[in-house]
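Spelled out, the chains give:
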Amino acid sequence: MKTVEFKNQVLPHWVAEGHHSQFIFPVAKKVCHGLGLDVGAGKHEWALPGAFPVDPTISKTYDANNLPKNPFGKWDYIFSSHCLEHLPEWMKVLNYWTSNIKPGGTLFLYLPHRDCLYWRPELMPTKKHINSFTPRQMKKVFKELGYTNVFASQRDLSWSFAIFGEKI
């Protein structure tokens, strides 16, 4: 098996590659129903199946701070994988995303776990990450944003974690 070694941590090779969302799609598809967005997909083929991909690399029109309008009102869900760690005003972004989700809708995030040294902002070789998160921290944030039924996983084999909740 191919591995990556970084700061004495041996990681599966995919940690240094893209499309981490594929590891959480089976769970996301169980809670993300209706009309929704995949913010930060990177490529059309990397988007959550059934979601409209929102990423400046796909379309210059929309990004994390400028979501498309849903012609039927607010979105049923917003899914985002490995995006928030790149955004300088991530809390402002989460507030904006929340304002675009209908009551009873879902916010679903898949984030790199702080335990992975390769992804820590202060250590990352490519310096692409400016934030790092833990499940405990994000669970508190979700509750502050007004979500209920908040569920957070621990670190998985992709050195990431999922968190999702229902907007009140």
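Residues numbered from 1 in each chain as written. Predicted model: local features only at pLDDT ≥ 70, side-chain atom pairs only at ≥ 80, totals over all residues. Heavy atoms only, no water.

1. Focus: the side chain of S158
On the secondary structure map, S158 appears in the loop between β7 (147-152) and β8 (160-167). Owing to a relative accessible area of 2%, S158 belongs among the buried residues under this scheme. A distance of 3.4 Å separates a polar atom in the side chain of S158 from a polar atom in the side chain of H20. Excluding residues within four positions of it along the chain, S158 makes contact with W14, V15, H20, F23, Y110 and W119. (Helix = DSSP H or I, 4+ residues; strand = E, 2+ residues; numbered from the N terminus. Buried < 20%, exposed > 50% of the residue type's maximum accessible area, 1.4 Å probe, protein only. Polar contact = N/O pair within 3.5 Å; in protein donor to acceptor, adjacent residues only side chain to side chain. Contact = heavy atoms within 4.5 Å.)

2. Topic: the pairing of strand β1 (residues 3-6)
Direction of pairing for β1 relative to strand β2 (residues 9-12): antiparallel, over a ladder of four bridges. Note on β2: the bridge partner recorded for E5 is V10. (Pairing = 2+ DSSP bridges.)

3. Digging into the packing of helix α2 (residues 90-99) against helix α3 (residues 135-144)
Viewed as axis vectors pointing N to C, α2 and α3 meet at an angle of 45 degrees, and their least axial separation amounts to 11 Å. Between α2 and α3, the crossing angle belongs to the class labelled oblique. Between α2 and α3 lies a crossing of right-handed hand. Where α2 abuts α3, its residues W90, M91 and L94 lie against Q137, M138 and V141. When grouped by side-chain class, the residues that make up the contact of α2 with α3 number five nonpolar, one polar and no charged. (Axes fitted to C-alpha atoms, helices over the stretch in contact; angles between N-to-C directions. Parallel < 35°, antiparallel > 145°, perpendicular 65-115°, else oblique. Left-handed = near helix turned anticlockwise from the far one by under 90°. Nonpolar A, V, L, I, M, F, W, Y, C, P; charged D, E, K, R; others polar.)

4. Quick look at the pairing of strand β5 (residues 75-81)
In terms of residue burial, β5 counts as a mostly covered element, since seven of its seven residues are buried. Pairing analysis gives four bridges linking strand β3 (residues 36-39) to β5, with the strands arranged parallel. Its bridge partner lying in β5, L37 is registered against I78. Bridge count between β5 and strand β6 (residues 101-112): six bridges; the pairing is parallel. If you follow I78 over to β6, its bridge partner there is L107. Note on the crossover from β5 through α2 to β6: the handedness is right-handed. (Right-handed = clockwise from strand over helix to strand, strands pointing away.)

5. Focus: unusual backbone geometry
Backbone geometry places K7, a non-glycine residue, at a positive phi of 50 degrees. The class of K7 is exposed, set by a relative accessible area of 51%. The phi angle at K127 is positive, at roughly 60 degrees, despite the residue not being glycine. Positionally, K127 belongs in the loop between β6 and α3. Look at K127 and you get exposed, because its relative accessible area is 52%.

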